[in-house]
Structure formats: structure tokens, C-alpha cells
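Structural characterization, general
For reference, the chains in residue letters:
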Amino acid sequence: MTVPPPSGGKWLRCTGPQLRKMAHAGLLWLEQNRDHVNALNVFPVPDGDTGTNMLLTMRSAYARIESSDDIHVGKVAGLLAQGALMGARGNSGVILSQIWRGLAAGLSTVETFTTADLATAFQMASDTAYKGVMRPVEGTILTVIREGAAEAADAGRKSEDLRFMLERILERCQQALERTPELLPILHQAGVVDSGGQGLVYILEGMMRYAQGKLSLGDRPAGALVVAPAVEAVSAQALAMPESGSLDYPYDVQFIIMGRHLNVLEVRSRIDAMGDSTVVVGDESMIKVHIHVKDPGEPLSYGAGLGHITDVVVENMQEQMEELVHGGVTLPEPQVMITPDQVAVVAVAAGSGLAGVFHSLGAAYVINGGQTNNPSTEEIYQAIERVPTDKVIVLPNNKNIFLAAEAARDLSAKQVAVVHSRSIPQGISALMALRPDRDVAANAETMERSLGMVRTGEITRATRTVELDGVDVKEGSIIALVDGRLCQSGPDAKSVLDKLLERMNIVECGIVTIYYGSDVSPEQAAETADSIRRLYPDVEVEIVEGGQAHYYYILGAE
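Now for a look at the structure at hand. (Residues numbered from 1 in each chain as written. Predicted model: local features only at pLDDT ≥ 70, side-chain atom pairs only at ≥ 80, totals over all residues. Heavy atoms only, no water.)

**Some thoughts on the overall build of the chain**
A tally of helices and strands in the chain yields 22 helices and 16 strands. Partitioning the intrachain contacts of the chain with sequence separation of at least 6 by distance along the chain shows that 71% fall at a separation of at least 24. Roughly 23,900 Å² of accessible area belongs to the chain as shown, and the carbon and sulfur atoms make up 49% of that amount. (Helix = DSSP H or I, 4+ residues; strand = E, 2+ residues; numbered from the N terminus. Contact = heavy atoms within 4.5 Å. Areas by Shrake-Rupley, 256 points an atom, 1.4 Å probe, with all protein chains shown as cover.)

**Some thoughts on the pairing of strand β9 (residues 455–461)**
The buried fraction of β9 amounts to five of the seven residues, a majority that puts the element mostly inside the structure. Bridging between β9 and strand β16 (residues 551–557) involves six bridges; their strand directions are antiparallel. Note that in β16 the partner of T460 across the bridge is Y551. Where β9 and strand β12 (residues 478–482) come together, five bridges link them in antiparallel fashion. By the bridge assignment, I459 is partnered in β12 with A480. (Buried < 20%, exposed > 50% of the residue type's maximum accessible area, 1.4 Å probe, protein only. Pairing = 2+ DSSP bridges.)

**Let's talk about the nonpolar core**
Membership of the largest hydrophobic core comes to 106 residues, with the highest contact counts inside it found for L19, M22, W100, F113, F122 and I380. In terms of residue count, the dominant contributor to this core is helix α11 (residues 195–211) (nine residues). Contact partners of W100, with chain neighbours within four places excluded, come to A23, M58, L80, A81, A84 and M207. Counting residues in each nonpolar core, the second largest holds 27 residues, with L354, A417, L434 and M447 among its members. (Core = buried A, V, L, I, M, F, W, Y, C linked by side-chain atoms within 4.5 Å.)

**A closer look at helix α21 (residues 493–503)**
Those residues of α21 lying buried are V496, L497, L500 and L501. Buried positions in α21, seen along its axis, are confined to an arc of 140° and lie on one side of it. Residues of α21 that are buried sit in contact with β9, β12, β13 (485–490), α22 (522–535) and β16. Looking at where α21 begins, the residue whose side-chain oxygen comes 3.3 Å from the main-chain nitrogen of K494 is D492. Of the residues trailing α21, N505 is marked for its positive phi of about 55°. (Arc of directions from axis to C-beta. Polar contact = N/O pair within 3.5 Å; in protein donor to acceptor, adjacent residues only side chain to side chain.)

**A short note on the sheet that holds β12**
Pairing in this open sheet of six strands is mixed, and the strands run β13-β12-β9-β16-β14-β15 from one edge to the other. Unpaired on one side and paired on the other, β13 and β15 (540–545) mark the two borders of the sheet. On average, each strand axis in the sheet is tilted by 20° relative to the strand beside it, whichever way the strands run. Bridge analysis of strand β14 (residues 511–516) against β15 gives six bridges, and the strand direction is parallel. Bridged to I514 within β15 is I543. Across the sheet, helix α19 (residues 424–432) lies against β9, β14 and β16, angled at about 40° from β16, the strand it touches most. α21 contacts β9, β12, β13 and β16 of the sheet and is inclined by roughly 150° relative to β13. (Axes fitted to C-alpha atoms, helices over the stretch in contact; angles between N-to-C directions.)

**Remarks on the pairing of β12**
Residues in a regular strand point their side chains to alternate faces of the sheet. Most of β12 is tucked away: five of the five residues are buried. Neither face of β12 is left uncovered, since the one carrying I478, A480 and V482 and the one carrying I479 and L481 both have all their residues buried. Relative to β13, β12 runs antiparallel, the two being bridged by five bridges. Residue pairing in the sheet places V482 in a bridge with R485 of β13.

**A look at the sheet that holds strand β5 (residues 343–349)**
Across the sheet, four strands lie side by side as β6-β5-β7-β8; this open sheet has parallel pairing. Each of the sheet's edge strands pairs with one partner strand only, and the pair in question is β6 (365–368) and β8 (415–418). Direction aside, neighbouring strands of the sheet carry axes that sit 20° apart on average. In this sheet, strand β7 (residues 391–395) lies alongside β5 in parallel orientation, the contact comprising five bridges. Bridge pairing links V345 to I393 in β7.

This is how it looks when you write it as C-alpha cells:
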């Protein structure tokens, strides 16, 4: 194991292998403390937990360098940043990827880094993280990285010892974390510190423990942890299944091209002509390629002609498809036909029923995800690239997916807009306003306006005990939310329904649509609909099988 000097001596320069080991240590320490980070989520609802999202992002980052023997710090940092961005999940994961991106930019030209280099890199990490958020909020992970950067600058002026600098940065970040409730009232109300900031502190603490010789990495692979999604994902093979049962492009090929003066746009164009489901991202020195083809040798030969290819993966999707079919996999609704001159919509939804609703209203592609299962930047990017048009609108349908959707938008060469739908009903309202033959900007503007025309109600089970918004919640109780705001807690769904409808001001609405989840029977959903009709006889009530996990009911009122 490559280690820094013994704790008694000064550590003046960090090499690429040492940075790789520190990233591994940060990942393992976050993994060990993931549940604590998840427990800090303010709202007592099933959500894309911060600890899990940051862990998956770190795993993606480390996977890029796990087998690397590169000694150049700048190259190692660059690979970490690329992996973090493509694997970023949830807002916390995207911000973490921006921190890595800034660090990589600050270290890009150095083979080994000193305290002066690291201080510069931390400042760039802070600046990049703040720029990555449209409306930065203090009392979050942003505050923690900003104060860490300030401490790095001060420590760099006082010592050339990297271990001393890391100790100072960690201590300052811990202090900033403890002050987050003073800056963000909702944290104070819930009695917790910021979860994203805590995740960052654990990553830094793992790095510091490695530098002090207190954390042994051993032979354990960083990818050993398997985080099972709370919602069973529909496989990419199932999504691509044609009616004939035979794939036009049966081989899934993935590889990385390492070279000099690579032209990403030219490579993307050449690769795209070879098949479908093309993903080509990177820069002048490294390009990641994903393509479905008839002949896997074609893209591999092309890539080898440009430079050195690595991380080659070739999978026979036809065989995988047949296994899935024989296993009785239920396929989603077929995708909507989109012509190249039209606007396509990519939506995020969990549950076959909700996916069917979005398809029926014109969504070209539905990514399986949402609460507890936030899709990564790469998953959203792949969906954008897969639709057969250069005009795309993304509906996240969850505020915790906004940053990943925006990052995917920025990666794509297509004309992409993100309409910031916070819920399934908002997403459906926006989709109903779509006019595929109009341009992206006009559609996005109209769809954004439509978000305010619907109210969202949700009934779920509380994941923690908390007093919030004047509501006393016990873990395991049933809670109701209106437009994301907690309004009632009780022993069962019936006990919270009346208050939910009152807060949604149903009496002024013309129609209420009930999307019932996987834990609710059709008979129970019908009884709930009848209860609403008795209370509000002038309101039309519709029932739709949503199939979503965790949320018994999602209500949309117009």
C-alpha cells in the first residue's frame, strides 16, 4: 500500500497513487457512516437519501481510478472528477461532483501537489460548487466546502506539511457543519446538521485517517458494497426489447479512448453512425464511449486507431434479453414515435402505471426513478441521447433530481431544457402543455407556467421522528404533504386524508386524480375515491394505478 510518510515526519508532496488511496479511504469512511448521513435528512419522507446518493457518486468516481497506476496527480484527479460527474445522483451527489471538478481543475497541471497547490485547488472546488447551483443556500455542503477552502489558504501560508493542512481543513469543516443549523432555520427546527455537509466531512475524515495511518485500506475492493434501489429498476435490455424479440444492434460496447488532441464531437459523430444508444463524452485526452452495434469490432478498431483503448466491455444483449423474457419480465409501454424535427420529452417516474401515464401523454422516454431511487447524470444523459431528435425537454418530477438533470443537459450537444417539475402531478400538467412541433424554448416556457396550475398531495409513511411545520411526527406513522410541505400525521391513511384535502383546497378544484401505489389494492383506492366524492360531490375524481413504491397515494388537483 502506498502511504504518506510516518505521522512523525512532514508530508511535502502528494503523488497520484497517494491521491488514489485517499479517495479510496474517503469512500470507505463514507460507506461506513452512510446510515448516519441518511438519518440527517430533514423531512421524514422516503426520499433519495443524501448518504446513499453521495456514496454512489463516490463509488463512480473511484471506479475510474481503482485500477489506475498513473502517478500524475492531475490525471488521477481528472478521472475522479469525470467519474463523479457521470455517476452523480441527487443534488448532493451533483454538488459533490462539482467539488471534485474544481479540485481537478486546480491540480490539472501538477504531477505531485504541495500545500500551495492544494489550497488553490480547494478554492477552485468551492467556486465551482457555488457556480453549479442556481440559487446557493448557506447552511449546506456549500458552506462547509467554502470554509474548508478558506482554512486551506490559511494553513498553506503557515506550513508546507500536507498532513497539517488536512487536519486544519477537516477541523474547520467540522466547525462549519456544526453551525449549519444557525444558518438554515429548517435544520434548527429539525435538530440536525446538514446531511450533505456531513457527507463531505466523512469523506475528508476518511482521507485524514489514511494520512495519519489510522485507516487500513487492505485488499477490500471499493465496489464491494451493493446499494439495492428501493424501487426495482427496469433493465436497459427490457426497455430496448423490440416486438420481434430480435435486436437490430445486439452488442453493448463500452470503452475509454486515451490519446492526445481527441475531438469529442468528431468521435461522437463517427461512433453514432455505427449503431444506436450512443454516449460519447470526454475531452482532448480521454473519451468515454458507449454504443449498441451489430459488430463490436467496428467501434473498437476505430477507437484503437485514435489512441490507447481501455476499460473495454462487450456484452451480448440478445442473450441477456432472452434470459429476461424467459424470466417473465414485464416490459414497459412502447416509446412514443418522435420525428427528428419534433421536441421529445424525457421524464422520470417510478412505477409501471406512472410510466404508462407519461408515455400515453407523449413522453418519448421514461427513466425509472424518483423517491429513494434518484437517477444518475449518466442515466439522464443516455436518455437524452437516445431519443431520435436534437430537441429535448427533461421532466425530473422531483426537486432532488434537478441538478443531475441540469448536468446531463450541459453534457449534451443537443438543445435541451429542464422544466423544473417537483412532483408527478406537476410533470403530468407540464406534459399536457407540450406542443412537439414548437421549439424547445417556447415549449419549456409554457410547461414551466403549467406547473403552478396543479396542487400535489402525498400520503406516505414517516421515516423518522421529528416535529416540523407544527406537526408532531412519529417514525412509522402515516403523514400527508401538500406541495412538499408536511400538513398532518396519523395512524392510517384515512386519518390524514381529510386534512390533506382541506389543505389542498379541493373545494375550489374541478378534478382530482388519485395515483395509488404498489401497497394499495384497487378496492382500497376505490374506497378512498368514494370518500372524496362524498366530501366534495361537485369535484370529479379519477383513479389511476401508479404502482409507485413508498407513497400510498399521490393526488393531483386542478
